[in-house]
Amino acid sequence: MGTAPFRSPPPSFPATAAAAATRRPAGGSVHSWDLSTGVDGPGTRFTAFLAGCPLRCLYCHNPDTWRMRSGRRMAADALVAEAAKYRTFIAAAGGGATLSGGEPLLQPVFAGELLHRFKHELGYHTALDTSGFLGARATEALLADTDLVLLDVKSWDRALYRRLTGRDLGPTLEFARRLADRGSTVWLRFVLVPGLTDDPANIEGVAAFAASLGNVERVDVLPFHTLGAAKWEALGRRFPLRSTRPPTAERTAAVRAVFAGHGLRTV
């Protein structure tokens, strides 16, 4: 990953209203960036991982993105310039740019500026990967510049959600309904964790809720894995689910069938 000095956006590309209102250059804390295919939205994508997250998910595979101070301070200019390097390749592959994390909405001004410039300067399809917990921070301008929301609904059971994340489920559901009301395209993500999220009533609850929204284009049922365990250890932390085994292919297929039974396309 490269870095660049912090500087103001060039005059030819004025900041969005949200950024201008702060009376400072649009910049923020960036953990890293990468190119991905078929993971963070359609096609090949430039994915920027912003630093900082209010959740502490038991199965988090990026605990190194939890704190904003773990990232590097960057101007929007620098990250847009980096994304622009792949413009020809991304256009040919039918991809775009995704903001992930961490939680991008912990830095809503920076996130809004990046989405705006990815979309309007580079012509990229834009995606926002979020838990929805900070959805109230997403302005209408930010959402207007977002072509796709990758929304993580980690549990339908409120007590389990708090156990999994340390936070309340309510804000995520409110954000999901707001996205539905405005007609935003959503890919819903659900992590299948044996012994935690795999209770039939919990799965049915998430599936019924997703189907009720009317704007969920597809559901990604993501099997739990332990690939992030090494990151926990590197941070001097004990991975909470180190003894949990991934779900079987058969169980994963059965859960996808529950969502499909509600008329939802699953992956």
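1. A closer look at the overall build of the protein chain
Thinking step 1. When helices and strands are counted, the protein chain shows 10 helices and 8 strands.
Thinking step 2. Taking 2.2 N^0.38 as the reference for a compact globule, 267 residues should give roughly 18 Å; the C-alpha atoms of the protein chain span a radius of gyration of 18 Å, in line with that estimate.
Thinking step 3. Expressed along its principal axes, the backbone C-alpha trace of the protein chain runs to roughly 55 × 45 × 35 Å.
Thinking step 4. Within the structure as shown, the protein chain displays about 11700 Å² of accessible surface, and the carbon and sulfur contribution to it stands at 53%.
Thinking step 5. Of the side-chain charges in the protein chain, 32 are positive and 24 negative, and the distance between the mean point of each set is 6 Å.

2. Digging into the sheet that holds strand 8 (residues 216–223)
Thinking step 1. Strand order in the open sheet formed by 8 strands is 3-1-2-4-5-6-7-8, with mixed pairing between adjacent strands. Where the open sheet ends on each side, the last strands, each with one partner, are strand 3 (72–75) and strand 8. Each adjacent strand pair in this sheet contributes to an overall mean axis angle of 30°, direction not counted.
Thinking step 2. Inspection of the sheet shows strand 7 (residues 186–192) paired to strand 8 by 7 bridges, in the parallel sense.

3. What to know about the packing of helix 8 (residues 200–213) against helix 10 (residues 249–261)
Thinking step 1. Two elements in contact, helix 8 and helix 10, have axes whose closest approach is 9 Å; the angle formed by their N-to-C orientations is 40°. Regarding the angle of helix 8 to helix 10, the classification is oblique. For the pair helix 8 and helix 10, the sense of crossing is right-handed. Residues Ile-203, Glu-204, Val-206 and Ala-207 of helix 8 lie in contact with helix 10, whose contacting residues are Arg-251, Val-255, Val-258 and Phe-259.
Thinking step 2. Among the residues forming the contact of helix 8 with helix 10, the class breakdown is 6 nonpolar, no polar and 2 charged.

4. Let's talk about unusual backbone geometry
Peptide bonds are mostly trans, and most non-glycine residues show a negative phi.
Thinking step 1. With omega at 15°, the peptide bond leading from Gly-101 into Gly-102 counts as cis.
Thinking step 2. Along the chain, the position of Gly-102 falls in the loop between strand 4 (96–100) and helix 4 (108–120).

5. Concerning the confidence of the model for the protein chain
Thinking step 1. On average, residues of the protein chain carry a pLDDT of 90, and 91% of them reach 70 or more.
Thinking step 2. Note on residues 1–15: pLDDT is under 50 here. Beyond four places in sequence and across chains, it has 30 contacts.
Thinking step 3. For the stretch residues 18–23, pLDDT sits under 50, and the model shows 7 contacts to residues farther than four places along the chain or on other chains.

6. Re the nonpolar core
Where a protein is soluble and globular, its nonpolar side chains tend to be buried together.
Thinking step 1. Ranked by size, the top nonpolar core spans 72 residues in total, and within it Leu-79, Leu-114, Phe-118 and Phe-259 carry the most contacts.
Thinking step 2. Here this core takes 6 residues from helix 8, the largest share from any one element.
Thinking step 3. Beyond its immediate sequence surroundings of up to four residues, Leu-114 is in contact with Leu-50, Ala-76, Leu-79, Val-80 and Leu-99.

Cut-off values and rules
- Residues numbered from 1 in each chain as written.
- Predicted model: local features only at pLDDT ≥ 70, side-chain atom pairs only at ≥ 80, totals over all residues.
- Heavy atoms only, no water.
- Helix = DSSP H or I, 4+ residues; strand = E, 2+ residues; numbered from the N terminus.
- Rg over C-alpha atoms; globule rule 2.2 N^0.38 Å.
- Areas by Shrake-Rupley, 256 points an atom, 1.4 Å probe, with all protein chains shown as cover.
- Lys, Arg positive; Asp, Glu negative; His and termini not counted.
- Charge placed at Lys NZ, Arg CZ, Asp CG, Glu CD.
- Pairing = 2+ DSSP bridges.
- Axes fitted to C-alpha atoms, helices over the stretch in contact; angles between N-to-C directions.
- Parallel < 35°, antiparallel > 145°, perpendicular 65-115°, else oblique.
- Left-handed = near helix turned anticlockwise from the far one by under 90°.
- Contact = heavy atoms within 4.5 Å.
- Nonpolar A, V, L, I, M, F, W, Y, C, P; charged D, E, K, R; others polar.
- pLDDT = per-residue confidence, 0-100.
- Core = buried A, V, L, I, M, F, W, Y, C linked by side-chain atoms within 4.5 Å.
- Buried < 20%, exposed > 50% of the residue type's maximum accessible area, 1.4 Å probe, protein only.

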